[in-house]
Amino acid sequence: MSPTRRGVRGRRCGAVLLAAVLAGGATGCGSGSGAPPAPGAPGTTAGPSAPGPSTTGPTTAPATPGATTGPSAPKDDPRPGQVLVQVTVTGGFAGVRNRLVVHRDGAWTVRSGDKPPRTGRQTPAEAAELRAALEDPAFALVPARPTGRPIADGFQYEVAYRHRVVVAGDGERPPALQRVFDALPEGGPPTGP
């Protein structure tokens, strides 16, 4: 074989080897020495004589990131300290940046600038109404970003629920979002300076 042909083959095998290593598979390019690679070496697969995982016992699938199954799955009963929803309000004529955090048990905190935080607790019925508004399938369809024209000196609302964030401005209140706002403590998002 000519040196040029060997160089091309070597580059192809190198590319195949790199792709196989990245994919975690085996390659068809030999080591060049004629000797088979050692069992368990990178780029090899176990042969029929290699012991495999036992199939006699119960098997469990690997956990998927973000999945909640079994005893760690969220329950309908509220747990103290578990955040249900966070609403951040920015903008307005005074340039506010306020944050409302509501916990699953109905406890809430509002932080506004340098002022001391305000706290309170929703009644069980109010907390259930807020949870129902957030879990409404229509709320999942509210656009994640503003779709209309911004209002000068208007507020921007960022609603974080589970792993989703909805950003809306004044004048953009689909009914499902308005239902969430109506169920928030103190009558809606904290817009006061």
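Heads up: the structure comes first, above all this text.
Residues numbered from 1 in each chain as written. Predicted model: local features only at pLDDT ≥ 70, side-chain atom pairs only at ≥ 80, totals over all residues. Heavy atoms only, no water.

Val85, Leu130, Leu134 and Phe139 are the most contacted members of the largest nonpolar core, which has 25 residues in total. Elements that contribute at least two residues to this core include exactly β1 (83–91), β2 (96–103), β3 (107–112), α2 (124–135), β5 (155–161), β6 (164–169) and α4 (175–183). In terms of residues, this core owes the most to one element, α4, which gives 5 residues. Apart from residues no more than four positions distant in its own chain, leucine 134 is found in contact with Leu84, Val85, Phe139, Tyr161 and Val180. (Core = buried A, V, L, I, M, F, W, Y, C linked by side-chain atoms within 4.5 Å. Buried < 20%, exposed > 50% of the residue type's maximum accessible area, 1.4 Å probe, protein only. Helix = DSSP H or I, 4+ residues; strand = E, 2+ residues; numbered from the N terminus. Contact = heavy atoms within 4.5 Å.)

A separate point is unusual backbone geometry. Of note, the phi angle at arginine 162 is positive, near 55°, even though the residue is not glycine. With respect to the element layout, arginine 162 can be found in the loop between β5 and β6. We classify arginine 162 as exposed; its relative accessible area is 63%. Despite not being glycine, glutamate 186 has its phi angle at roughly 60°, a positive value. Examined against the element boundaries, glutamate 186 turns out to sit in the segment after α4. You can call glutamate 186 exposed: its relative accessible area is 51%.

Moving on, we come to the side chain of serine 112. Checked against the element boundaries, serine 112 lands in strand β3. Within the structure, serine 112 has its side chain in polar contact with the side chain of asparagine 98 (distance 3.2 Å). (Polar contact = N/O pair within 3.5 Å; in protein donor to acceptor, adjacent residues only side chain to side chain.)

This part takes up the environment of isoleucine 151. Locating isoleucine 151 in the fold gives a position in the loop between α3 (137–140) and β5. Judged by relative accessible area, isoleucine 151 falls into the partly exposed class, the value being 48%. Considered as a pair, isoleucine 151 and glutamate 172 are 21 residues apart in the sequence and their alpha carbons are 9.9 Å apart. Once residues within four sequence positions are removed from consideration, isoleucine 151 is found in contact with Asp170 and Gly171.

With that out of the way, let us pick up the pairing of β5. With 7 bridges joining them, β1 and β5 adopt antiparallel strand pairing. Bridged to glycine 91 within β5 is phenylalanine 155. Two strands pair when backbone bridges link them, and β5 and β6 are joined in this way by 6 bridges, in the antiparallel orientation. For alanine 160, the partnering residue across the bridge sits in β6 and is valine 165. (Pairing = 2+ DSSP bridges.)

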